[in-house]
Amino acid sequence: MQITLVQGILLALACIVIGVDYWLEAFFIFRPIIVASITGLILGDLKLGLVAGGLTELAFAGLTPAGGTQPPNPILAGVMTVVIAHTTNTSPALAIGLALPFSILMQYVILFFYSSFSMFMARADHYAENADAKALTQLNYLTTAIVAVSYGVIVFLSAYAAQDLLKSLIDILPIWFIHGLEIAGGILPAVGFAMLLNVMLKLQYIPFFIVGFFLITYLPIANLLPVAVVGLGLGMYDYFFVKSDDEKAKGGVQNDGI
Amino acid sequence: MQITLVQGILLALACIVIGVDYWLEAFFIFRPIIVASITGLILGDLKLGLVAGGLTELAFAGLTPAGGTQPPNPILAGVMTVVIAHTTNTSPALAIGLALPFSILMQYVILFFYSSFSMFMARADHYAENADAKALTQLNYLTTAIVAVSYGVIVFLSAYAAQDLLKSLIDILPIWFIHGLEIAGGILPAVGFAMLLNVMLKLQYIPFFIVGFFLITYLPIANLLPVAVVGLGLGMYDYFFVKSDDEKAKGGVQNDGI
Amino acid sequence: MQITLVQGILLALACIVIGVDYWLEAFFIFRPIIVASITGLILGDLKLGLVAGGLTELAFAGLTPAGGTQPPNPILAGVMTVVIAHTTNTSPALAIGLALPFSILMQYVILFFYSSFSMFMARADHYAENADAKALTQLNYLTTAIVAVSYGVIVFLSAYAAQDLLKSLIDILPIWFIHGLEIAGGILPAVGFAMLLNVMLKLQYIPFFIVGFFLITYLPIANLLPVAVVGLGLGMYDYFFVKSDDEKAKGGVQNDGI
Amino acid sequence: MTVSNKVLTKKDISDMAYRSVFLQASFNYERMQAGGWTVAMLPALEKIYKDDKEGLAAAMTDNMQFINTHPTLVPFLMTLLLSLEENGSDRTLIKGIKVGLFGPLAGIGDAIFWFTVLPIMAGISSSFALEGNVLGPIIFFAVYVGIFIMRFPLARAGYELGTTALDSLRESSKKLSRAATILGTTVIGALAAAYVHITLLPTIELNDGITISIQEAFIDKIFPNLLPLAYVFTMFYFIRVRKVSPTVLILVTIVLTIVLSFLGIL
Amino acid sequence: MTVSNKVLTKKDISDMAYRSVFLQASFNYERMQAGGWTVAMLPALEKIYKDDKEGLAAAMTDNMQFINTHPTLVPFLMTLLLSLEENGSDRTLIKGIKVGLFGPLAGIGDAIFWFTVLPIMAGISSSFALEGNVLGPIIFFAVYVGIFIMRFPLARAGYELGTTALDSLRESSKKLSRAATILGTTVIGALAAAYVHITLLPTIELNDGITISIQEAFIDKIFPNLLPLAYVFTMFYFIRVRKVSPTVLILVTIVLTIVLSFLGIL
Amino acid sequence: MTVSNKVLTKKDISDMAYRSVFLQASFNYERMQAGGWTVAMLPALEKIYKDDKEGLAAAMTDNMQFINTHPTLVPFLMTLLLSLEENGSDRTLIKGIKVGLFGPLAGIGDAIFWFTVLPIMAGISSSFALEGNVLGPIIFFAVYVGIFIMRFPLARAGYELGTTALDSLRESSKKLSRAATILGTTVIGALAAAYVHITLLPTIELNDGITISIQEAFIDKIFPNLLPLAYVFTMFYFIRVRKVSPTVLILVTIVLTIVLSFLGIL
Ligand SMILES: OC[C@H]1O[C@H](O)[C@@H](O)[C@@H](O)[C@@H]1O
Ligand SMILES: OC[C@H]1O[C@H](O)[C@@H](O)[C@@H](O)[C@@H]1O
Ligand SMILES: OC[C@H]1O[C@H](O)[C@@H](O)[C@@H](O)[C@@H]1O
């Protein structure tokens, strides 16, 4: 199916709001589960949006911007998975893989902003020295607006303008490629989790990783909430019963009290 | 079926002994599992006594007098569950609910003793100052005898004298009420466990609560013994490996040795 | 089936090598899983060797020479289980029990060496005082050679020379005896594990024993690797988070820092 | 003080195990177990103080002070203090040790016997009794006879420890008490999951005619035993924070259940 | 310094919760959140420093220093510092506290919100969404609205704590941060097992015509979820040790999967 | 002392890994591994002491002292001491370090290799072998070749560590030893449950004609694997407390099993 001009504009407008939400990390409507549902709504196929949202959300599990890193963009992933599935009539599982280039493109745009906005800092310092509150505030509006506009433009181009190109591209994809992409969806979260580990993991926390891994592997636990309860218990135990002394954490060679 | 005068007297006598056992917490024959079985034996229906004892014991799990609190009385619960099921031909599960008023009545009698026996303490002090060993001993016999007699009287009245009244009462109970009572039996232990928690739970022990809860929820464990083994293991670990320093327990802000 | 002279000699030669490996604890080809397989190969029935090796390995689990103790000899157990099953056409499970006397015989031979080789130590001291490197080295070759030769002789006698005797012995064994022996195979490892515990267990490590025991008892874990992962996690936790202070380990009555 | 050393025989110590059963004979909210405690101690005290009436009076007065500890473990404390009395220890020391130890002993005993042994035995013996098997009450009784018999070695242990390991006792009783609390809390967590049964009946009808159970499709998916857990902690909240009497909560629970069952929710 | 005490009203503090949303408005690699942070603080700072332009300039300059912390928790830090500004605390102290706390707060917040809450909510809401149930995104959104609302009590807590418990805060923020890391790591361990799916297809044909699956006969026997675990740690190795960009790893993973699937291995 | 610095080449250190295999060549109850240990060290010692015959004699005499440690880990200790010899360290220091480390190394090695790796490999390889699959012994052998090869990096590590981190080594070897014991004990707990099989055959006939199995109705209900656990600890009791020889226990177990099986109990 085609995406109409109105739908294209609606998607762009929605993504301006959602893009700002991602930029500020406020209400988390930037996660694929929400983005895809909204996209589905706009394209008149909510059910597709929901299913695509669920799949994309899982494939993007662990891909977070924590620590100032930038993962492939969840908004473009959410929008384009639905758009591609809708326009080319492919399964959402496959569409995730095909939406990825857009997601990575937007990731690099944000990374470009992260770098180039540094330029504004000298000016911001200047305003601060002069206690010029208004100018400083406007500077922040400006940066946010730049982000907002770029989301609008890129989403409009990707979802509306590029659709015919996309269709002809997908027509020539062989079956085995499609099947491979679907399987990739189940493996991709590994990268996200490796990123999380990269932020969190020191050697001494491996025991807790093992606990979580075993709970899911060997118990009939249907979701992660019970694991979080156990993790909370372990954290509480650590807080109340275990020494926090820095020497201890490093391996406790020194004796305390000395 | 009717309860004969002889049976009424036997029940009263048995409960005098059992009541003293509860008062002194000696042999734990006051728990419903024993009381109900003995009642069944006296009424000539041991099987009913056993089943009622099992059900009542579970419903009263956690209802303990630890710390000087008084829960609904387990003896009256055990006796009256069997008596009601026997005389009115209702199921034991239902009879537990109907026996509860008697159990609560006796609870208040004991609470009354707990309060009023305080009066004897001035006299006891007096005996102590005069090293009057004999008088002090007799005072303790007296209080125990008061408790014993009241068990005898109340059990006789409840089980023998009130039986016709009870029967006519139960005849007018609607089905939904009965069904509700049966379900209540499965929820009631929650109150007992909340009482246990009230005695034991500080924030820092929640991790261990979680362990016990998860063991039963997710493993095919048929009874609590294996959980107690795990609890023992955790306790031993704490004893041997974890610092007992008071500062630590509070959250360990201070460094030790300073 | 008969064991030919050539096979007997091959077995003896193989066990000279394997015996030295056991004496030096180098490549662990002395474990029944290897010994029995090699024996099977020599007797032309590899499949029997494999199955017997698997069974004997499990029955000998935990029977280790750690700490200088000597368990029933794993080499003779491996060889003779296959030999007996092969020559008398009995099941390997039964043959384990019948091979045990040979295994125990060899155990005592080694124990004899452990004691009698002490005699050489005075001479070794003498060489050391004179810095006579060569003599000391040759002394060690000698002891090793004694061990090697005795393996060769004992295996040849047990496997080749004694086979007719063995056959007639097994012919007269009653069924119930055979069945009992088979069941014993499943209980025997208990002795080995008790030996391991004897080396390792102090009161304070019981919690970890409980963990391992529960993992296998209640979770669908098919082998011990996952348990070792958990044990590793627990060990790491201990290493990184728990005080190693000696006072602590003993039960922590003293306050530290004082 | 005219206190003679070592007047208590082995039999006197065993007798303490019996007499410890008096502990709660005059239980009341002012002194709790003080009356029964003193009566249990009397014969031994009389033997120690013989003709020293003043000494006995002082000892009895001290013993009549507030005390509340665990009955099964109390022989240990009784003979420990007796060994101090026998050695003519200072009254203040004796009092101090009594006051310092009865609390931890109560904690240890309650955690082990009330919160762990009792529910375990309740569970095991009930599962027999519910099948009409008389083994249920028999096993239960046998275990508690065994527990009663523990009073004898405890009495001996207290007497022997008395004069020696006093300092380490306080520290290790604290540690033991924490360990026992850990044991007890673990069991209570299991109790909440094992013995409280709440199942929601309502179902939702989907457009396509399939009905799904709220209990199975939502609650069990997120967290089995969530409702029992929630209810236990609701009750806990009312007891701990709102100071509502458990008896009231029992009645409220029954009424609530009947209403919800009438409405088809439970 | 002409700083007046207690100029901030309750409303000013609530407003901080709203304004904290600016935090990342000019995020960049040089100062990270410094620009948005300062803008969020501005109205309160202006109120505190009123006509003291120099004071305000000094405060603004300090605020423009590098900062990177967790957005949801930031109101706590903002009002904590405001209470110090209001009390005319030494600039060095204020800076020191800011620098000392933003890191631990980031650790705590990331562990709780990014690494624990998000995957849990992703899992629960996806399981609904995959059935076409609109509850999925609705639940997800509702939880995050709830999390946003947490900013208000956090703002209040920071302001109240400000002047009192400063010393204990550093120590306990370290402890909290470790506890949060433990929580997060536990969840990540579960994530690896729950959300990464790798199954080998090849089978081995035995002599007797029976075929056995390598996945079931070998891998699942030794350790279920072994392959997901191994792949997560392979990725981890490339990110941590070889410093490969995650985006490259994503592309490599896709290409590899397609090839292996083409070869009949996956 | 005429000891020259740095005479050992990389090859000398690798050779130690090979020669370490001599360790138990003259094992006996008086000196345990002393003889083989010394022989393994000889070439390196000769190189270090060259013409200093007295020095060599002193070193050899020291080396002939009692030692008992874990063979797989011993190269680490050997080269560590060699690096001290090479640096002309004091003989008392060298002896002290040897005596201080061989025990912990034995503990660590036994826990890891005898108590953890061996039963795991036994389990995995047996499960293949029992199906007649030759992979069983092959995997087993491959792993132990790998373990043997570990001697080389261990030899290198010992030599490099030698001169540097001596103090931290003692402390951390204690900690490592405890961690290894924890690992080992966990595995032994699992072993008891996994490899000991005791099932009671008797059944009870109820009045109504139904027969129930004692194993299923009682033992498995209370605690699965209770009998294996009990038997392991009975054996443990006889070994530890009654000092009965394991060989006797093996024979008793066999006789007992045959009798009980004859009686229809097992
Ligand atoms: O890691 C701290 C912090 O880093 C970045 O600023 C953002 O990704 C935040 O979400 C995160 O909390
Ligand atoms: O809590 C201490 C103590 O309190 C009361 O006296 C009784 O319920 C005892 O059973 C209990 O042990
Ligand atoms: O226990 C230390 C040590 O003792 C003996 O020498 C051998 O059994 C070794 O395998 C073991 O490592």
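Everything numeric in this text was worked out from a predicted model, so none of it was measured.

1. Structural notes on the overall build of chain A
And step 1. Of regular secondary structure, chain A possesses 13 helices and zero strands.
And step 2. In chain A, the succession of helices and strands from N to C terminus is α-α-α-α-α-α-α-α-α-α-α-α-α.
And step 3. Counting across all 258 residues of chain A, residues that qualify as buried make up 65%.
And step 4. Long-range contacts, defined as pairs at least 24 residues apart, comprise 72% of the intrachain contacts of chain A with a sequence gap of at least 6.
And step 5. Summed over all atoms, the accessible surface of chain A reaches about 9,000 Å², with 70% contributed by carbon and sulfur.
And step 6. Taken together, the 9 basic and 15 acidic charged side chains of chain A have centroids lying 2 Å from each other.

2. A word on the overall build of chain D
And step 1. Scanning chain D from terminus to terminus reveals 11 helices and two strands.
And step 2. For chain D, the succession of helices and strands along the chain, N to C, is α-α-α-α-α-α-α-α-β-β-α-α-α.
And step 3. By the compact-globule yardstick of 18 Å for 266 residues, chain D is too spread out, its C-alpha radius of gyration being 25 Å.
And step 4. Along the three orthogonal principal directions, the C-alpha set of chain D runs to about 95 × 40 × 30 Å.
And step 5. Burial analysis of chain D (266 residues in total) assigns 57% to the buried set.
And step 6. Taking as baseline every contact in chain D between residues at least 6 positions apart, the subset at least 24 positions apart corresponds to 72%.
And step 7. Total accessible area on chain D is roughly 10,600 Å²; 66% of this is exposed by carbon and sulfur atoms.

3. Digging into the packing of aromatic side chains
Residue and element names in this part refer to chain E.
And step 1. Tallied over the full model, the rule gives 105 aromatic pairs over all chains.
And step 2. Relative to Phe152, the ring of Tyr18 has its centre 5.1 Å away and its plane inclined at 80°; by these criteria the two rings are edge-to-face. With Tyr18 in helix H1 (residues 10-19) and Phe152 in helix H7 (residues 151-162), this residue pair connects regions lying 134 residues apart in the sequence.
And step 3. Given the relative accessible area of 52%, Tyr18 is considered exposed.

4. Thoughts on the site of ligand 3
And step 1. As a matter of local geometry, ligand 3 sits amid 15 residues, with C:Glu25, C:Pro65, F:Asn68, F:Asp110 and F:Trp114 nearest to it.
And step 2. Chain contributions to the surroundings of ligand 3 come from chains C and F.
And step 3. At 2.5 Å, a backbone N or O of C:Pro65 approaches an oxygen atom of ligand 3.
And step 4. F:Gln24 has a polar side-chain atom sitting 3.1 Å from an oxygen atom of ligand 3.
And step 5. Look at ligand 3: alone it shows 300 Å² of surface, and the protein chains cover 97% of it.
And step 6. Of the residues belonging to the shell around ligand 3, the class tally is six nonpolar, seven polar and two charged.

5. Examining helix H5 (residues 91-129) of chain D
And step 1. By the largest-angle criterion, D:Asp110 marks the main kink of H5(D), which is about 35°.
And step 2. The buried fraction of H5(D) is high, at 29 of 39 residues.

6. A few points about the domain arrangement of chain D
And step 1. What the domain assignment reports for chain D is domain 1 (10-192) and domain 2 (197-262).
And step 2. The C-alpha centroid of domain 2 of chain D is placed 39 Å from the C-alpha centroid of domain 1 of chain D.

7. What to know about the interface of chain A and chain E
And step 1. If you look at the interface, chain A gives 101 residues, while chain E gives 100 residues.
And step 2. For the chain A and chain E pair, buried surface summed over both sides reaches about 9,300 Å², with 75% attributable to carbon and sulfur atoms.
And step 3. Applying the counting rule to chain A against chain E returns two salt bridges.
And step 4. Taking the shortest distance from any N to any O, the salt bridge between A:Asp238 and E:Arg178 comes out at 2.8 Å.
And step 5. Our enumeration of links across chain A and chain E arrives at 21 residue pairs in polar contact (both at pLDDT 80 or more).
And step 6. A per-element tally of the side of chain A that touches chain E places helix H10 (residues 189-200) of chain A first, with 11 residues.

8. Description of the nonpolar core
And step 1. Judged by nonpolar contacts, the single largest core of 565 residues is most densely connected at A:Met80, B:Met80 and C:Met80.
And step 2. What A:Met80 contacts, discounting residues up to four positions off in sequence, is A:Ala99, A:Phe102, A:Ser158, A:Ala159 and A:Leu166.

9. Digging into the site of ligand 1
And step 1. Around ligand 1, the structure places 15 residues, and the nearest of them are A:Glu25, A:Pro65, A:Gly67, E:Asn68 and E:Asp110.
And step 2. Positioned at a junction of chains, ligand 1 has nearby residues supplied by chains A and E.
And step 3. Within the contact set of ligand 1, an oxygen atom lies 3.1 Å away from a side-chain nitrogen or oxygen of E:Gln24.
And step 4. Between ligand 1 and the protein, one listed contact pairs an oxygen atom with a side-chain N or O atom of E:Asn68 at 2.5 Å.
And step 5. Taken by itself ligand 1 offers 300 Å² of open surface, and the protein chains cover 96% of this.
And step 6. In terms of residue class, the shell around ligand 1 is made up of six nonpolar, seven polar and two charged.

10. Thoughts on the domain arrangement of chain A
And step 1. Annotation of chain A at the domain level lists domain 1 (5-200) and domain 2 (202-258).
And step 2. Between the C-alpha centres of domain 1 of chain A and domain 2 of chain A there is a distance of 34 Å.

11. Concerning the pattern of salt bridges
All names here are of chain D.
And step 1. Summed over the entire model, instances satisfying the criterion amount to 30 salt bridges over all chains.
And step 2. For the salt bridge of Asp62 with Arg91, the shortest nitrogen-to-oxygen distance reads 2.6 Å. Placement of Asp62 in helix H3 (residues 53-63) and of Arg91 in helix H5 is noted, with a sequence separation of 29 residues between them. In terms of burial, Asp62 and Arg91 fall into one category: buried.

12. Focus on the interface of chain F and chain C
And step 1. Between chain F and chain C, the contact holds 100 residues from the first and 102 residues from the second.
And step 2. For the pair chain F and chain C, the summed buried surface comes to about 9,300 Å²; carbon and sulfur atoms form 75% of the total.
And step 3. Seen at the junction of chain F and chain C, the total is two salt bridges.
And step 4. Between the two partners, chain F and chain C, sit 21 residue pairs in polar contact (both at pLDDT 80 or more).
And step 5. Residue assignment for the side of chain F that touches chain C shows that the elements contributing at least two residues are helix H2 (34-49), helix H3 (53-63), helix H5 (91-129), helix H6 (135-149), helix H8 (166-195), helix H10 (226-240) and helix H11 (246-262) of chain F.
And step 6. Across the side of chain F that touches chain C, the residue classes tally to 62 nonpolar, 27 polar and 11 charged.

13. Observations regarding unusual backbone geometry
And step 1. A positive phi angle, near 55°, is found at B:Ala131, a position not held by glycine.
And step 2. Along the chain, the position of B:Ala131 falls in the loop between helix H6 (120-129) and helix H7 (133-161).
And step 3. Positive phi is not limited to glycine here, since E:Asn225 has a value of about 65°.
And step 4. Locating E:Asn225 in the fold gives a position in the loop between helix H9 (214-222) and helix H10 (226-240).
And step 5. For E:Asn225, a relative accessible area of 22% puts it in the partly exposed group.

14. Observations concerning H3(D)
And step 1. Those residues of H3(D) lying buried are D:Gly55, D:Leu56, D:Ala57, D:Ala59, D:Met60, D:Asp62 and D:Asn63.
And step 2. Packed against the buried residues of H3(D) are H6 and H7 of chain B together with helix H2 (34-49), helix H4 (74-86) and H5 of chain D.

15. Focus on the side chain of F:Thr247
And step 1. Here F:Thr247 lies in helix H11.
And step 2. Judged by relative accessible area, F:Thr247 falls into the buried class, the value being 3%.
And step 3. Excluding residues that lie within four positions of it along the chain, F:Thr247 makes contacts with C:Pro72, C:Ile104, C:Gln107 and C:Tyr108.

16. A closer look at a nonpolar patch on the surface
And step 1. A cluster of nonpolar side chains, contributed by A:Trp176, E:Val255, E:Val259, E:Phe262, E:Leu263 and E:Ile265, occupies part of the molecular surface with about 560 Å² of accessible area.
And step 2. Considering every element that reaches the nonpolar patch, the biggest residue donor is helix H11 (residues 246-262) of chain E, with three residues.
And step 3. With respect to the element layout, A:Trp176 can be found in helix H9 (residues 175-187).
And step 4. The partly exposed category is assigned to A:Trp176, whose relative accessible area is 39%.

Rules and cut-offs
- Residues numbered from 1 in each chain as written.
- Chains lettered and ligands numbered in written order.
- Predicted model: local features only at pLDDT ≥ 70, side-chain atom pairs only at ≥ 80, totals over all residues.
- Heavy atoms only, no water.
- Helix = DSSP H or I, 4+ residues; strand = E, 2+ residues; numbered from the N terminus.
- Buried < 20%, exposed > 50% of the residue type's maximum accessible area, 1.4 Å probe, protein only.
- Contact = heavy atoms within 4.5 Å.
- Areas by Shrake-Rupley, 256 points an atom, 1.4 Å probe, with all protein chains shown as cover.
- Lys, Arg positive; Asp, Glu negative; His and termini not counted.
- Charge placed at Lys NZ, Arg CZ, Asp CG, Glu CD.
- Rg over C-alpha atoms; globule rule 2.2 N^0.38 Å.
- Phe/Tyr/Trp six-rings, centres within 6.5 Å; stacked < 30°, edge-to-face > 60°.
- Near = heavy atom within 4 Å.
- Polar contact = N/O pair within 3.5 Å; in protein donor to acceptor, adjacent residues only side chain to side chain.
- Nonpolar A, V, L, I, M, F, W, Y, C, P; charged D, E, K, R; others polar.
- Bend = angle between axes of the 7 residues up to and from the residue.
- Domains from an automatic or database assignment.
- Buried area = accessible area lost by both parts, 1.4 Å probe.
- Salt bridge = Lys/Arg side-chain N within 4 Å of Asp/Glu carboxyl O.
- Core = buried A, V, L, I, M, F, W, Y, C linked by side-chain atoms within 4.5 Å.
- Patch = residues over 30% accessible without salt bridge, like charges linked within 9 Å, V, L, I, M, F, W, Y side chains within 5 Å.

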